[in-house]
Amino acid sequence: MENLISLVNKIQRACTALGDHGDSSALPTLWDSLPAIAVVGGQSSGKSSVLESIVGKDFLPRGSGIVTRRPLVLQLQKIDDGAREYAEFLHLPRKRFTDFAAVRKEIQDETDRETGRSKAISSVPIHLSIYSPNVVNLTLIDLPGLTKVAVEGQSENIVKDIENMVRSYIEKPNCIILAISPANQDLATSDAIKISREVDPSGERTFGVLTKIDLMDKGTDAVEILEGKSFKLKYPWVGVVNRSQADINKNVDMIAARRREREYFSNTTEYRHLAHKMGSEHLAKMLSKHLEHVIKSRIPGIQSLINKTVLELESELSRLGKPIAADAGGKLYSIMEICRLFDQIFKEHLDGVRAGGEKVYNVFDNQLPAALKRLQFDKQLAMDNIRKLVTEADGYQPHLIAPEQGYRRLIESSIVSIRGPAEASVDTVHAILKDLVHKSVNETVELKQYPALRVEVTNAAIESLDKMRDGSKKATLQLVDMECSYLTVDFFRKLPQDVEKGGNPTHSIFDRYNDSYLRRIGSNVLSYVNMVCAGLRNSIPKSIVYCQVREAKRSLLDHFFAELGTMDMKRLSSLLNEDPAIMERRSAISKRLELYRAAQSEIDAVAWSK
């Protein structure tokens, strides 16, 4: 069972070392889930004397006003009889104190380090472990004494601040309250009892300790309180007799003081029947046993909380990303890795792993064919336009066999209109790729850490797409222009030959061809243009995919990577200029995760006994 208290001691020390003091924050707290005994009392209630009596050493700062200005987590660990007792502070891990006067001074000095030499208070605890054959395994948290009036040099809010600090400890359901009250004052005015009742009205978590019993007025005693008649708690009251101020001044040995305390209760008629349940030694043993019981009952819940919180912290840390490397090489590697992740997401959109790539196919399968169908070749090949172009192409000398120049002009004027749908397809695919870049940037979690890098990657990707669009537009329009520049001769050779070659040369140049012949020309041209459209409907997508989609998958950030290689340390650092709030959050999460993992290991290492 001693392992249980030692386990909680280790976890409490880890909490303090890694910044978990149980105060309210945006981080999960393990401190609040750990069972602890908080010592509460007003100034001059004898609180310090009770603690020193339990330890058997004179080690706490003394004086007027508020002496305890930071919580003191006092961890007592029993060692073999005859072994030399010593003390260790968490903030001085490699230093052992065998002189307890030096312990007192270090408590004062460490308090001043945190609060300055003012009389302010701090919620950051001091951890002190005392190893002695004269103690039981026990952990107590000594809190600043409750007061009603601020002394000179203290803030006017000090009274409320102390009360709030004490309340923040004792209101937690895992906290056991050790309420110290002097017997020579009216219990109804006890600060410790008052605040304990407010947070634990049923008294389920409160242990009452009555000090200064030997200083009560003659003819009065505390029997009714100690028997639980006048003020009942779930657990029995414990009376203690501390050293007097004269004893302290004379440096009376604490072990001798314990012996005198036992003799007082055994020899005083009023308390003789309660003697076996009185005194600081009995108090320490009772608290140790109760703390062990509470810890054992809470362990399964603590384990469950730790395991759940570890998963949550790991998940958040993963979302926040890795911390920034310090050297130029590390920064460059980090940027390249983030860019690689972005590039992979972009490719996944195109390849169908993620949504978006299907929009490119929709351009080729629906938008381009629909745009080609909307081309009004019928108007281009209207009778009047055919007559006009054919006769103009003949010039002053009519053609001899067939109006070849007229055919060419009609075909070229029709095919050139295909440039519009071809160019529109290039621009539509460009817009789709740009949209996929923005989506990929947003889906790259690591880029959210670094706003400057996110902007640079986005701009570099869009710039590359713009260049690819320009190249694609040039190549795609060349396909159309090639159809204009060289006609497929075999198409015309396979056409049925006219019986009547040409028109009647005796007619006017504008009336040279009859309507039937002109309609035949228009029909032939339309058939040829439709054949060209069918071919371009297949070749335009190939050109666009080759010049834009394939190139984007292959070299979207190549130019940016080349620029990265020329950047100095300052420029690389500016790209990884992370949001300070994210940096602070990652650091805090990392420390808290370290705490929970340490606690997880400690609990797993303990062999449980029923």
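Residues numbered from 1 in each chain as written. Predicted model: local features only at pLDDT ≥ 70, side-chain atom pairs only at ≥ 80, totals over all residues. Heavy atoms only, no water.

### Quick notes on the overall build of the chain
Each helix and strand counted, the chain has 21 helices and nine strands in total. Counting across all 610 residues of the chain, residues that qualify as buried make up 49%. Excluding contacts between residues fewer than 6 apart, the proportion of contacts in the chain whose partners are at least 24 apart in sequence is 81%. In the structure as shown, the chain presents an accessible area of about 30400 Å², 51% of it carried by carbon and sulfur atoms. (Helix = DSSP H or I, 4+ residues; strand = E, 2+ residues; numbered from the N terminus. Buried < 20%, exposed > 50% of the residue type's maximum accessible area, 1.4 Å probe, protein only. Contact = heavy atoms within 4.5 Å. Areas by Shrake-Rupley, 256 points an atom, 1.4 Å probe, with all protein chains shown as cover.)

### Examining the nonpolar core
Grouped together as the largest cluster of nonpolar side chains are 63 residues, with contacts concentrated most on Phe-59 and Leu-128. With 14 residues, helix α9 (residues 280-320) is the single largest residue contributor to this core. (Core = buried A, V, L, I, M, F, W, Y, C linked by side-chain atoms within 4.5 Å.)

### Some words on the side chain of Ser-129
On the secondary structure map, Ser-129 appears in strand β5 (residues 126-132). With a relative accessible area of 5%, Ser-129 lands in the buried category. At 3.3 Å, the side chain of Ser-129 forms a polar contact with the side chain of Gln-75. Look past the residues within four positions of Ser-129 in its chain and what remains in contact with it is Arg-13, Gln-75, Gln-77, Tyr-86, Ala-87 and Glu-88. (Polar contact = N/O pair within 3.5 Å; in protein donor to acceptor, adjacent residues only side chain to side chain.)

### Some remarks on the environment of Pro-369
Within the secondary structure layout, Pro-369 lies in helix α11 (residues 358-373). Taking relative accessible area as the criterion, Pro-369 reaches 9% and is therefore assigned buried. Residues Pro-369 and Arg-537 lie 168 residues apart in sequence; the distance between their C-alpha atoms is 6.8 Å. In this view, Pro-369 contacts Val-363, Phe-364 and Arg-537; residues no more than four positions away in its chain are not counted.

### Some points on the sheet that holds strand β2 (residues 72-78)
As summarised here, the arrangement of the nine strands in space is β4-β3-β5-β2-β6-β1-β7-β8-β9, forming an open sheet in which the pairing is mixed. Whereas interior strands pair on both sides, the edge strands pair on one side only; in this sheet they are β4 (92-97) and β9 (238-239). Inspection of the sheet shows β2 paired to strand β6 (residues 138-142) by five bridges, in the antiparallel sense. Within the sheet, the bridge partner assigned to Leu-72 lies in β6 and is Asp-142. Relative to β6, α9 is tilted by about 100°, and along the sheet it contacts β1 (36-41), β6, β7 (175-182), β8 (206-211) and β9. (Pairing = 2+ DSSP bridges. Axes fitted to C-alpha atoms, helices over the stretch in contact; angles between N-to-C directions.)

### Let's talk about the pattern of salt bridges
Overall, the coordinates contain 33 salt bridges when judged by the stated rule. When the shortest N-O distance is used, the salt bridge between Asp-142 and Lys-47 registers 2.7 Å. Taken as a pair, Asp-142 in strand β6 and Lys-47 in helix α2 (residues 47-55) lie far apart in primary sequence, 95 residues in all. This pair shows no difference in class: Asp-142 is buried, exactly as Lys-47 is. For Glu-110, the salt bridge goes to Arg-113, with nearest N and O atoms at 2.7 Å. Of the two residues, Glu-110 and Arg-113 are both situated in helix α3 (residues 100-115); the distance of three residues between them amounts to about one turn of the helix. Of the residues examined, Glu-110 reaches a relative accessible area of 13% and is grouped as buried. (Salt bridge = Lys/Arg side-chain N within 4 Å of Asp/Glu carboxyl O.)

### Regarding helix α14 (residues 404-415)
With twelve residues, α14 extends 16 Å between its outermost C-alpha atoms, agreeing within 8% with the 16 Å of an ideal straight helix rising 1.5 Å per residue. The complete set of buried residues in α14 reads Gly-406, Tyr-407, Leu-410, Ile-411, Ser-414 and Ile-415. Buried residues of α14 fall within an arc of 155° about the axis and therefore sit on the same side. (Expected span 1.5 Å × (residues − 1). Arc of directions from axis to C-beta.)

### Notes on unusual backbone geometry
The phi angle at Lys-212 is positive, at roughly 55°, despite the residue not being glycine. Tracing the backbone shows Lys-212 in the loop between β8 and α6 (223-226). The class for Lys-212 is partly exposed, based on a relative accessible area of 22%.

### Some remarks on the packing of aromatic side chains
According to the stated counting rule, one finds nine aromatic pairs in the structure shown. Where Phe-207 meets Tyr-235, the ring centres are 4.3 Å apart and the plane angle is 10°; that geometry is what we call stacked. Here Phe-207 is found in strand β8, whereas its partner Tyr-235 is found in the loop between α6 and β9, with 28 residues between them in sequence. Just as Phe-207 is buried, Tyr-235 falls in that class too. Taking the centre distance of 6.0 Å and the plane angle of 80° together, the rings of Phe-231 and Trp-237 count as edge-to-face. (Phe/Tyr/Trp six-rings, centres within 6.5 Å; stacked < 30°, edge-to-face > 60°.)

### Quick word on the pairing of β7
Here is the key point about a regular strand: its side chains alternate between the two faces of the sheet. The buried fraction of β7 amounts to eight of the eight residues, a majority that puts the element mostly inside the structure. The side-chain alternation of β7 yields two buried faces, one formed by Cys-175, Ile-177, Ala-179 and Ser-181 and the other by Ile-176, Leu-178, Ile-180 and Pro-182. As paired strands, β7 and β8 are joined by six bridges and run parallel to one another. Within β8, the residue paired with Pro-182 across the bridge is Thr-211. A crossover connection joins β7 to the parallel β8 through helix α5 (residues 191-199); in handedness this β-α-β unit is right-handed. (Right-handed = clockwise from strand over helix to strand, strands pointing away.)

### Digging into the packing of α2 against α9
Contact geometry for α2 and α9: axes closest at 9 Å, N-to-C directions at 80°. By the angle class used here, α2 and α9 are roughly perpendicular. Every residue of α9 that contacts α2 at Val-50, Ser-53 and Ile-54 is listed here: Ser-280, Leu-283 and Ala-284. The residue makeup of the contact of α2 with α9, split by class, is four nonpolar, two polar and no charged. (Parallel < 35°, antiparallel > 145°, perpendicular 65-115°, else oblique. Nonpolar A, V, L, I, M, F, W, Y, C, P; charged D, E, K, R; others polar.)

### Some thoughts on the packing of α11 against helix α18 (residues 515-555)
The interhelical angle for the contact between α11 and α18, taken along N-to-C directions, is 145°, at an axis separation of 11 Å. Considering how the two elements wind past one another, α11 and α18 form a crossing that is right-handed. In this structure, α11 contributes Val-360, Phe-364, Asp-365, Leu-368, Pro-369 and Leu-372 to the contact, and α18 contributes Cys-533, Arg-537, Ile-540, Pro-541, Ile-544, Val-545 and Val-549. Here the residues of the contact of α11 with α18 are counted per class, giving eleven nonpolar, no polar and two charged. (Left-handed = near helix turned anticlockwise from the far one by under 90°.)

### Looking at the confidence of the model for the chain
A residue-level look at the chain finds 88% of positions with pLDDT of 70 or above and a mean pLDDT of 84. Put simply, helix α13 (residues 383-394) is where the chain has its lowest mean pLDDT, 67, and helix α15 (residues 419-443) is where it has its highest, 95. Of the regions scoring below 50 in pLDDT, residues 499-503 engages in nine contacts with residues more than four places distant in sequence or in other chains. (pLDDT = per-residue confidence, 0-100.)

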